[in-house]
Amino acid sequence: MKQALAKLCVAAMVYSGFAPPATAQDNTELRAAAEETKPVPVLSGGAAFVPTWDSGNPDLVSIISPVLLVPVNRNLIFESRAEFEGDFVRRNGNSGDFTGAIGKSLEYAEFDYIGNKYVTFTVGRFLTPFNIFNERLYPNWIRNTQTDPLIYPIATGSDNGLMVRGGVSLDKDVTLNYAVYFSALSTIDHFESERHAGLRAGLFFPHRRLEIGVSEQHQLQDSRFNRFGSYLEWQPVRVPFDLRAEGTYSREEGNGLWVEGAYRFRNAPASLLRRAQVVGRTQIFHTGTLAGINPDLPDLDTKRTEFGVNYYLNDGWKALATYGRTFTSSGESNIWTVGMTYRFVIPLGPAQ
Amino acid sequence: MKTLWTIFLGITIATGTANAGSAAEAPPPVTQPAAVVADLNPQWIAEGEKRFRANCGRCHQSPHKFQPRVMATAVRHMRVRGMLTEDDMTYVLYYVTH
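One structure accompanies this document, and this report is about it. (Residues numbered from 1 in each chain as written. Chains lettered and ligands numbered in written order. Predicted model: local features only at pLDDT ≥ 70, side-chain atom pairs only at ≥ 80, totals over all residues. Heavy atoms only, no water.)

### Overview of helix 5 (residues 86–97) of chain B
Helical periodicity: at 3.6 residues per turn, an α-helix aligns residues three or four positions apart in one direction.
Residues and elements named next belong to chain B.
Inference 1: The terminal C-alpha atoms of helix 5, which comprises twelve residues, lie 16 Å apart, in line with the 16 Å expected from a rise of 1.5 Å per residue.
Inference 2: Extensive coverage of helix 5 is indicated by the burial of ten of its twelve residues.
Inference 3: Within the sequence span of helix 5, burial applies to Asp88, Met89, Thr90, Tyr91, Val92, Leu93, Tyr94, Tyr95, Val96 and Thr97. (Helix = DSSP H or I, 4+ residues; strand = E, 2+ residues; numbered from the N terminus. Expected span 1.5 Å × (residues − 1). Buried < 20%, exposed > 50% of the residue type's maximum accessible area, 1.4 Å probe, protein only.)

### Side note on the pairing of strand 9 (residues 174–184) of chain A
Residue and element names in this part refer to chain A.
Inference 1: Pairing of strand 8 (residues 158–171) with strand 9 involves eleven bridges; the strand directions are antiparallel. Bridge pairing in strand 9 links methionine 163 to tyrosine 181.
Inference 2: Hairpin connection between strand 8 and strand 9: a loop of two residues separates the two successive antiparallel strands.
Inference 3: Bridging between strand 9 and strand 10 (residues 196–205) involves nine bridges; their strand directions are antiparallel. Of the residues in strand 10, the one forming a bridge with leucine 176 is leucine 203. (Pairing = 2+ DSSP bridges.)

### Notes on the packing of aromatic side chains
By convention here, two paired aromatic rings are described through the distance between centres and the angle between planes.
Inference 1: Under the definition given, this model contains eleven aromatic pairs over all chains.
Inference 2: Relative to tyrosine 152 of chain A, the ring of phenylalanine 133 of chain A has its centre 5.4 Å away and its plane inclined at 70°; by these criteria the two rings are edge-to-face. With phenylalanine 133 of chain A in helix 3 (residues 133–137) and tyrosine 152 of chain A in the loop between helix 3 and strand 8, this pair connects stretches of sequence that are 19 residues apart. The pair phenylalanine 133 of chain A / tyrosine 152 of chain A is uniform in exposure class, with both members buried.
Inference 3: Three or more aromatic residues joined by ring pairs make a cluster, and in this case those are Phe133, Tyr138, Tyr152 and Trp258 of chain A.
Inference 4: A cation over an aromatic ring shows up here: arginine 343 of chain A above the ring of tryptophan 141 of chain A, its NZ or CZ 4.5 Å from the ring centre.
Inference 5: The residue whose ring lies beneath arginine 58 of chain B is phenylalanine 204 of chain A, and the NZ or CZ to ring-centre distance is 4.0 Å. (Phe/Tyr/Trp six-rings, centres within 6.5 Å; stacked < 30°, edge-to-face > 60°. Lys NZ or Arg CZ within 6 Å of the ring centre and 35° of its normal.)

### What about a nonpolar patch on the surface?
Residues and elements named next belong to chain A.
Inference 1: A cluster of nonpolar residues, Trp53, Tyr323, Trp336 and Val338, forms a patch on the protein surface that exposes about 370 Å² of accessible area.
Inference 2: Within the fold, tryptophan 336 resides in strand 18 (residues 331–347).
Inference 3: Here tryptophan 336 falls in the partly exposed class, since its relative accessible area comes to 43%. (Patch = residues over 30% accessible without salt bridge, like charges linked within 9 Å, V, L, I, M, F, W, Y side chains within 5 Å. Areas by Shrake-Rupley, 256 points an atom, 1.4 Å probe, with all protein chains shown as cover. Salt bridge = Lys/Arg side-chain N within 4 Å of Asp/Glu carboxyl O.)

### Regarding the environment of asparagine 314 of chain A
Inference 1: With respect to the element layout, asparagine 314 of chain A can be found in the loop between strand 16 (302–312) and strand 17 (317–328).
Inference 2: Residues asparagine 314 of chain A and glutamate 29 of chain A, 285 residues apart in the sequence, show an inter-C-alpha distance of 37 Å.

### Let's talk about the pairing of strand 15 (residues 276–287) of chain A
Residue and element names in this part refer to chain A.
Inference 1: For strand 14 (residues 254–264) and strand 15, the ladder comprises eleven bridges, and the chain directions are antiparallel. Across the sheet, tryptophan 258 pairs through a bridge with glutamine 283, a residue of strand 15.
Inference 2: Bridge analysis of strand 15 against strand 16 gives ten bridges, and the strand direction is antiparallel. Its bridge partner lying in strand 16, glutamine 277 is registered against asparagine 310.

Rendered as structure tokens:
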């Protein structure tokens, strides 16, 4: 009897070590306490001035990107992001006056309805959930390296339609996140969209801070291309290091990958140094069977490696400088970026 | 050159009027009413902070804590964008609003 009791005690202790941190009753109380604070509409976003010298030709990239978040009720939220980007280049490449236009785009304007713990429904114009850069890392104040990855133009941008997505705990050590979507063709100015169906699925291991995932997109118009992707994100718990990588394959458009590492001197003895982050990214792109069909992709097989420093100032400002070298079959060139980014948050109502 | 200065000035003015948030340091404490502080559950706070750091770091540097109602909106946004689970959102929401 004593032996059985001892086994039961050991089993209970072992189980409790693996049990979730809160009981059902705790969860109800926790939820009530967490939701005491009512959300308020917020105008957020970022601004960036990141001049880039590619092959010696300057491009004064200036971006303002406001984000509007309007919580309608407990389960419904409206969110939207626009982007105003000026690309000012010299009239004759590397001489003459700077000239250019300001591009305007509505990147997303969507209603999100949190149906239950498994599903959120999104309707409207949304960022295409293909890999991670487009949805999570695109804003200038977030990205560690300012230039877009070479493979970024494949299967990204915005789509108009319906999406089902969610994050679900499979176990205390594993979370599944997924997005499945369908988009309709639109040729309306600033609301352009192609007819697509696609999905993205990832596994996140919170204790290891590791996420891996895959993406697929099928074009439902014109040539009906398929695009495939995979990604990885890792932030070691004890080291202030970010590792991110994406790979994309499209037989027709091309394929490639990028890997980026960033180390923040968070544990440095000098407080000034703790604000600094060094970053390195290397990437490769191979053209597809229909080279040139996507005008935003390089025309030739390309490799690029970049190194840089980000310095996080007070009040949402970030200063940055990056140097990179591009290698193609037609030659090599330098790419420099120096600039500032800023992130702002303005509550549109009482914030306390 | 004039265009360059016009753009830079425009960005500075536009952003200078906004409320600021810092990504440079760990989130500072937020002042709360005495009644709320008295009811704090340290276990929920600790679990919320752990999940906050694990989830928010996937995309960006640990963000500044803004005012409670702003954070209540931001966390709901991240539930969708960052695909947080319901439990993650609840713990993080508790942590950032208390």
